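Below are the chains, spelled out letter by letter.
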Protein chains: 2
Amino acid sequence: MPGIVKDTSIDVAIVGGGVIGLSLAAGLIKRNIKVKVYEQAKSFREIGAGMAFTANAIRCMSLVNPDIVSALRSGGSVPTSSDKNDPNDYLRWIDGYNSRRKDDPLYEEMLYKLNAGYRGFEGTRRDQFLEALVKVIPQEIVELKKRLNNIEEKGPNGRLQLNFSDGTSVEADAATNPGGEDNPASHPHYTQKIAYRALVPMEKAIEALGEYKARNQHNHIGPNAYLIHYPVANQTMINATAFLSDPNEWPDDKVTVVPALREDLEKHFADWNPCVNALIQHFPEKLEKWAVFDMWDYPAPYFNRGNICLAGDAAHASTPHHGAGACCGIEDVLCLCILMSQVNDTLRGDESASTKKNAAICIAFEVFDLMRRTRGQWLVNSSRRMCDLIQQPDWGDESKWIKAQTCFEEIRDRSFKIWHYDYDSMIKGTIEEYAKRQSALKGSDAM
Amino acid sequence: MPGIVKDTSIDVAIVGGGVIGLSLAAGLIKRNIKVKVYEQAKSFREIGAGMAFTANAIRCMSLVNPDIVSALRSGGSVPTSSDKNDPNDYLRWIDGYNSRRKDDPLYEEMLYKLNAGYRGFEGTRRDQFLEALVKVIPQEIVELKKRLNNIEEKGPNGRLQLNFSDGTSVEADAATNPGGEDNPASHPHYTQKIAYRALVPMEKAIEALGEYKARNQHNHIGPNAYLIHYPVANQTMINATAFLSDPNEWPDDKVTVVPALREDLEKHFADWNPCVNALIQHFPEKLEKWAVFDMWDYPAPYFNRGNICLAGDAAHASTPHHGAGACCGIEDVLCLCILMSQVNDTLRGDESASTKKNAAICIAFEVFDLMRRTRGQWLVNSSRRMCDLIQQPDWGDESKWIKAQTCFEEIRDRSFKIWHYDYDSMIKGTIEEYAKRQSALKGSDAM
């Protein structure tokens, strides 16, 4: 519950009520920082079927606000592995394309298995997590059906005015921006990958894949495509996604989801292992085809502009091949919570706070850019690279496997960079950099 | 000086007398292990002009045999940076292509600078290092003009017979293989990069580049090419190499060095920064053009086969874009020295040693494969990737730099993986794995 908020404290406007926006709101509330969330839809919703969080991201979440972790768990999240003989989570890459054995046509060779540790990964349905997360946020700080038109600077102290398409406006000291209009040079672009996603009931998944594969995360890999699945919703279903390479450009960046048929998918995977085909049979007959976009081609040159910042997908929209886009967004949220809290500490008890707010927020967002941009952009690049490695055409030819398998050391390094993120150093660096810039500012004031 | 060598001890044949072969010999001598080096040339020689070693590799060298480090230093090696205001070495990537300023046409923007620490990199002329290294090895253990035809197994105890093209043969308990004939599926292949190398006197380099650039390592980067240089030979000259992308295949894998003219290079770099052009003017008029080969396409499926092993370039011939091919070879050498020493310890005082030698060596080389193959193959891949990132076509268009510069986080990670290699863990793992397999072997003997 919010404590006593002093008048000197800042107020923050969050534009967008997805998992990252709501997590930021939950973190700011926890720190007694005034915050409002503006969501364009008439209700909360997350696109896509499932999502996963690393143990590292869940520890960050807990530092933001432990209620977010409770929401994740009460939303039915489960470890992505469920093996009675081994408590750890793994990522597994198996041959979905070549090996078929007469005695076991569902046999797929294990190409690589990467230990993510105890509860190293948890999978959840996006909708269930979001539903639980909404309950963490007091209803009065959320406004739905607010589509942002633009953000204007208002007055000499740099206060912001957010103008919505329904003609209303609100003010704030600081805002997150959903991205785009500010810097048209930076925007998501088609990655030439198409995704088909489905939630499949566990008993159907077991029928198709066998008990072990169904209950544990697996990547079925092959030339120019792969299919990933992991359990969600208390192991009552699996979230399955097939990624296909597409040599063409996408015609329309406003319409990135189009209707498709299961039979398109069946045709593509016809040559693959029988269990891949059997699983696809449990996808709905009418599917959606998702064009996968990211910011690799046109990255954001900065994550801050004055007292406005970009965080989460607005800053570094990534492909999902690391399963870590939201994890990186949670790291952003942790950094922003630390910074907004530092800003309030700076202003507390200072009678001239109103004239210093803007400078403090601008410094905070500069530090945010410093601490987060390199990693956010790296994730975008790395996620693309993961797909290239997983979809190597060489997987189609067993005589090329010696070569193809040399990629797993890189996959390991890239995964570890995400899983073993040193958020303690990030917090320490964030606080130190903010303090350094604040004292430089005070120094220059004194002159 | 060799100590008393007991009869139970093994003898090792090293085929190839380059830096890696001679370093291995120096390490085995230090451990009182019988060793002979067979070199096909009539004198020792190293191909290429310069080479560099990381501080990490020099520490490995020192563990192999400190005399190798003395040889490196007496051969005129110098830190690749020389800056009175900063004792550290750096890798520097500067814009060789776009920026020219009216007030300073030699201006090249610093795109990224990576701190390698104090004496983080040392550069040397290959010929000078090799000359000094030869003096570390007792003359009697070296035989020149010995071109290997093949290696045969001889007798029930797995002793090897090395047959040379001059009709002579020698025996050994274990051998390193220069690679190739054993597994024709694994061999170096053209990387579609061409290199032109030269040693340029320091005063000429300063004339072309200015004092700072000449005395410090720099990569001048641009679309589809780059030029790297660093000081060698006690700062009396710089080693400079230009790498160019080549869309074509190389016609003949037996002839990888062909005559060329400086004017070919001049034409290629005509649009580049004036100082790049000025430096090329100091290359000899008649040059050699090197086709850069590596084992990326056809990697070795194993680094061991019984009591024969592949190490250094025979195991993982790499492009030079990390400047770390020989560093990785030195790590191999350290691993092999530890293992051969463990084998001798196992056999010491054992009366039945002669029948156990072969099994012990085979186990040792299995451990070598386990400890070294993943890293060796990773280096080959990573070195290729480095070139792709450094030569991004996007460097040619300043509006694409925001994107192109996102590669440096990956370059940093890849460099750190080489520079910060945990060789202590490698040594520990090597000893433990060998002991585990030896005791498993003894266990099965007892049954």
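Refer to the structure printed above.
Bear in mind the structure is a predicted one, so any value in this text is a computation, not a measurement.

Quick notes on the rules
- Residues numbered from 1 in each chain as written.
- Chains lettered and ligands numbered in written order.
- Predicted model: local features only at pLDDT ≥ 70, side-chain atom pairs only at ≥ 80, totals over all residues.
- Heavy atoms only, no water.
- Helix = DSSP H or I, 4+ residues; strand = E, 2+ residues; numbered from the N terminus.
- Buried < 20%, exposed > 50% of the residue type's maximum accessible area, 1.4 Å probe, protein only.
- Contact = heavy atoms within 4.5 Å.
- Pairing = 2+ DSSP bridges.
- Buried area = accessible area lost by both parts, 1.4 Å probe.
- Salt bridge = Lys/Arg side-chain N within 4 Å of Asp/Glu carboxyl O.
- Nonpolar A, V, L, I, M, F, W, Y, C, P; charged D, E, K, R; others polar.
- Least-squares fit on C-alpha atoms with pLDDT ≥ 70 in both.
- Axes fitted to C-alpha atoms, helices over the stretch in contact; angles between N-to-C directions.
- Parallel < 35°, antiparallel > 145°, perpendicular 65-115°, else oblique.
- Left-handed = near helix turned anticlockwise from the far one by under 90°.
- Core = buried A, V, L, I, M, F, W, Y, C linked by side-chain atoms within 4.5 Å.
- Arc of directions from axis to C-beta.

Draft legend 1. Broad picture of the environment of Gln342 of chain B. All names here are of chain B. Among the structural elements, Gln342 can be located in helix α10 (residues 325–347). A relative accessible area of 18% places Gln342 in the buried class. Counting along the chain gives 18 residues from Gln342 to Ala324, while the straight-line C-alpha distance between them is 27 Å. If we ignore the near neighbours within four places in the chain, the residues touching Gln342 are Ile431 and Tyr434.

Draft legend 2. Main features of the sheet that holds strand β7 (residues 121–125) of chain B. Taken together, 3 strands build an open sheet; the order of strands is β3-β7-β4 (chain B) and the sheet is antiparallel. Each edge of the sheet is formed by a strand with only one pairing partner; in this case those strands are β3 (50–54) and β4 (78–79) of chain B.

Draft legend 3. Geometry of the interface of chain A and chain B. Facing 22 residues of chain A, the contacting portion of chain B comprises 22 residues. Summed over both sides, the interface of chain A with chain B buries roughly 1,800 Å², with 52% coming from carbon and sulfur. At the boundary of chain A and chain B, one finds 6 salt bridges. Here Glu409 of chain A ties to Lys417 of chain B by a salt bridge, and the two come within 2.5 Å at their closest N and O atoms. When residues of the side of chain A that touches chain B are traced back to their parent elements, those giving at least two are α11 (353–390), α12 (401–404) and α13 (408–419) of chain A. Broken down by element, the residue count for the side of chain A that touches chain B peaks at 6 residues, all from α13 of chain A. Residue composition of the side of chain A that touches chain B, by class: 8 nonpolar, 4 polar and 10 charged.

Draft legend 4. Region of the structure containing the relation of the copies chain A and chain B. Expressed as a screw operation, the relation of chain A to chain B combines 0.0 Å of axial shift with a rotation of 180 degrees, fitting to an RMSD of 0.0 Å. Between the two chains, the operation in question is that of a two-fold axis. Ranked by how close their C-alpha atoms come to the rotation axis, the residues of chain A are headed by Asp413 of chain A, at 4.5 Å. The overlap is high: 100% of the interface residues of chain A also sit at the interface in chain B, so the same surface is used on both sides.

Draft legend 5. Highlighting the packing of helix α1 (residues 19–30) of chain B against α10 of chain B. Residue and element names in this part refer to chain B. At their nearest, the axes of α1 and α10 sit 9 Å apart, and the two run at 30 degrees to each other. In terms of axis orientation, α1 runs roughly parallel to α10. Crossing geometry of α1 relative to α10 is assigned as right-handed. Contacts between α1 and α10 involve Ile20, Ser23, Leu24, Gly27 and Leu28 from the first element and Ala326, Gly329, Ile330, Val333, Leu336, Cys337 and Met340 from the second.

Draft legend 6. Spotlight on the pattern of salt bridges. Applying the stated rule across the entire model yields 64 salt bridges over all chains. Look at the salt bridges and you will find they share partners, linking Asp11, Lys154, Arg159, Glu171, Asp173 and Lys357 of chain A into a network.

Draft legend 7. View of the nonpolar core. Residues Leu28, Phe53, Met61, Trp93, Phe129, Met340 and Val343 of chain B are the most contacted members of the largest nonpolar core, which totals 103 residues. The residues touching Trp93 of chain B, leaving out its near neighbours within four places in the chain, are Glu109, Met110, Leu111, Tyr112, Leu114, Asn219, Ile221, Met386, Ile390, Phe408 and Ile411 of chain B. Among the nonpolar cores identified, the runner-up in size contains 102 residues, and Val37, Ala57, Ile338 and Ala353 of chain A belong to it.

Draft legend 8. Structural view of helix α5 (residues 202–209) of chain B. Residues and elements named next belong to chain B. Buried within α5 are the following residues: Met202, Ala205, Ala208 and Leu209. The buried residues of α5 all sit within an arc of 125 degrees when viewed along its axis, so they share a single face. α5 presents Glu203 and Glu207 as exposed residues on the side facing more than 90 degrees away from its buried surface. The secondary structure elements touched by the buried residues of α5 are β13 (189–201), α6 (211–215), β14 (218–222), β15 (225–232), β16 (237–245) and α8 (274–280). Positioned one or two residues after α5, Gly210 has a phi angle of 85 degrees, which is positive.

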